[in-house]
Amino acid sequence: MHPENISIADYTYVLPEEKIAKYPLTERDQSKLLIYSSGKISEDIFKNISTHLPSNSLLVFNDTKVVEARILFQKPTGGVIEIFCLEPAAGYADITTAMLQKRKVLWQCLIGGASKWKHGQILEKKITSNETEFVVSARYMEKKADSFVIEFSWDNDFSFAEVLHHAGLIPLPPYIKRAVENNDKERYQTIYAHFEGSVAAPTAGFHFTDRVFKLLDQKNIKKEFVTLHVGAGTFKPVKSETIGEHEMHTEFIEVAASAIENILNNLSGTIIPVGTTSLRTIESVYWLGVKIMEEKNPAELFIPQWFAYERRNQVSVEESLSAVLNFMKASSLKKIVARTQIIIVPGYEFKIAKALITNFHQPQSTLLLLVAAFIGKQWLTVYQYALENNFRFLSYGDSCLFFRRG
């Protein structure tokens, strides 16, 4: 059966509201850890994860940083307009470039209360704090199929990233049904977050602490970092009956040549992405290599949703990653910036990842389908075990260590 024909009804489970973690634990690495390997389930706490990893492991982390993407503007009449900044409008090379814009930038956004905001109308918000005082304005420029183009402008030399830091709020996931609190600014972020651009966190990384990193170092477990800027589409439920009718969201990835070389040099070991975003990134790099080999000089570095399922010729990981490195060298690139729409569902053949650290995911979500692709039909047994043994679910919830089936 082609993966497009997968029925989403086969990938659901009952998730009681009380199982969803509304708040993080006091200590990150005290979360529960579910280990699934060779058909067996065991438990521990995350602090001890190094004891469950092979010594020849390479962990791959997503070092994206969540931006304060929600800005509330009050109209002169008193009504509130909420702007949720999704990604840069067309015309910017990448998210980092757009984040560094000064004085003015165009952004694709979701709008709460859009019917009350007329085209061309300018909203203003005055920001006053101990650090600074400035005014940020928002002009409604254009309506697209599922978003709006907004022009932001401000009266100082801050970058747009700095403007969001002062004017915005952390965008908690919609299933955490409470107001944002001060603690969320730190806890809805990994301790290694670096490159600003995500509107949702790579939550599998929440459990890592300096203490855990020291234990990993003592076991000579290596680390590498890639970047995938997580979009709001990660929360988009699959509403169609089959996966083929679902349009996967597109996200920016940035991977340094040194990271690709490190992965290439560690293929004989156990490469373990931390989170579904890291997994999507490294698997997308493989398919970029395939695309480069096919097209020699591709018009755009973009992996469409079903690209991986339309290729019959087998290309080794060594050949593919080497093709990416050769392309980068010929183009004088130290890092490759691309967009990926890859959807990983049962039937996908994993090329690089041999184990996965992740959290528990929502029913009927593309993230749950990815887990099912990784460990097979036993995903339901694993999730049922977690529900019956007091594991906490979703972003602020507990963690899993899955070893790939086969």
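Above this text is the structure in question.
Quick summary incoming for the structure in this document.

The rules we used
Residues numbered from 1 in each chain as written. Predicted model: local features only at pLDDT ≥ 70, side-chain atom pairs only at ≥ 80, totals over all residues. Heavy atoms only, no water. Helix = DSSP H or I, 4+ residues; strand = E, 2+ residues; numbered from the N terminus. Rg over C-alpha atoms; globule rule 2.2 N^0.38 Å. Buried < 20%, exposed > 50% of the residue type's maximum accessible area, 1.4 Å probe, protein only. Contact = heavy atoms within 4.5 Å. Areas by Shrake-Rupley, 256 points an atom, 1.4 Å probe, with all protein chains shown as cover. Lys, Arg positive; Asp, Glu negative; His and termini not counted. Charge placed at Lys NZ, Arg CZ, Asp CG, Glu CD. Pairing = 2+ DSSP bridges. Axes fitted to C-alpha atoms, helices over the stretch in contact; angles between N-to-C directions. Parallel < 35°, antiparallel > 145°, perpendicular 65-115°, else oblique. Nonpolar A, V, L, I, M, F, W, Y, C, P; charged D, E, K, R; others polar. Patch = residues over 30% accessible without salt bridge, like charges linked within 9 Å, V, L, I, M, F, W, Y side chains within 5 Å. Salt bridge = Lys/Arg side-chain N within 4 Å of Asp/Glu carboxyl O. Phe/Tyr/Trp six-rings, centres within 6.5 Å; stacked < 30°, edge-to-face > 60°.

1. Some remarks on the overall build of the chain
Phase 1: Of regular secondary structure, the chain possesses nine helices and 18 strands.
Phase 2: In terms of overall size, the chain behaves like a compact globule, its C-alpha atoms giving a radius of gyration of 21 Å where 406 residues would be expected to give roughly 22 Å.
Phase 3: Counting only C-alpha atoms, the chain reaches 60 × 50 × 45 Å along its principal axes.
Phase 4: Looking at the chain as a whole, 56% of its 406 residues are labelled buried.
Phase 5: At a minimum sequence separation of 6, the contacts of the chain that also span at least 24 residues come to 75%.
Phase 6: Accessible surface for the chain amounts to roughly 17900 Å². Of this, 48% is attributable to carbon and sulfur atoms.
Phase 7: Taken together, the 45 basic and 45 acidic charged side chains of the chain have centroids lying 1 Å from each other.

2. A few points about unusual backbone geometry
Phase 1: A positive phi angle, near 60°, is found at Asn 220, a position not held by glycine.
Phase 2: Here Asn 220 is to be found in the loop between α4 (210–218) and β12 (222–228).
Phase 3: A positive phi angle is found at Ser 332, which is not glycine, with a value near 55°.
Phase 4: As for its position among the elements, Ser 332 is in the loop between α7 (317–330) and β16 (335–340).
Phase 5: Assessed through its relative accessible area of 67%, Ser 332 is described here as exposed.

3. Description of the sheet that holds strand β13 (residues 251–256)
Phase 1: In space, the six strands of this open sheet follow the order β14-β3-β12-β13-β16-β15, with mixed pairing throughout. In this open sheet, the two strands that pair with only one neighbour each are β14 (270–273) and β15 (302–303).
Phase 2: Two strands pair when backbone bridges link them, and strand β3 (residues 57–62) and β14 are joined in this way by four bridges, in the parallel orientation. What sits directly across from Leu 59, in β14, is Ile 272.
Phase 3: In the packing of helix α6 (residues 276–295) onto the sheet, the strands contacted are β3, β12, β13, β14, β15 and β16, and the crossing angle to β13 comes to about 75°.

4. Quick notes on the packing of α6 against α7
Phase 1: The N-to-C vectors of α6 and α7 enclose an angle of 75°; their axes lie 8 Å apart at closest approach. Between α6 and α7, the angle is such that the two are roughly perpendicular. Contacts between α6 and α7 involve Val 285, Tyr 286, Leu 288, Gly 289, Val 290, Ile 292 and Met 293 from the former and Val 317, Glu 319, Ser 320, Leu 321, Ala 323, Val 324 and Phe 327 from the latter.
Phase 2: When grouped by side-chain class, the residues that make up the contact of α6 with α7 number eleven nonpolar, two polar and one charged.

5. Looking at a nonpolar patch on the surface
Phase 1: A surface patch of nonpolar side chains, about 210 Å² in accessible area, is lined by Leu 72, Val 80 and Leu 169.
Phase 2: Among the structural elements, Leu 72 can be located in strand β5 (residues 70–74).

6. Things to note about the packing of aromatic side chains
Phase 1: Across all of its chains, the model carries 33 aromatic pairs by this definition.
Phase 2: On the basis of an interplanar angle of 85° and a centroid distance of 6.1 Å, the ring pair of Tyr 188 and Tyr 396 is categorised as edge-to-face. Residue Tyr 188 is found in the loop between α3 (184–187) and β11 (195–198), and its partner Tyr 396 is found in the loop between α9 (379–388) and β18 (399–403); the two are separated by 208 residues along the sequence.
Phase 3: In this structure Tyr 188 comes out as buried when scored by relative accessible area, which is 0%.
Phase 4: The class for Tyr 396 is buried, based on a relative accessible area of 3%.

Taken by themselves, the reported measurements are silent on function.
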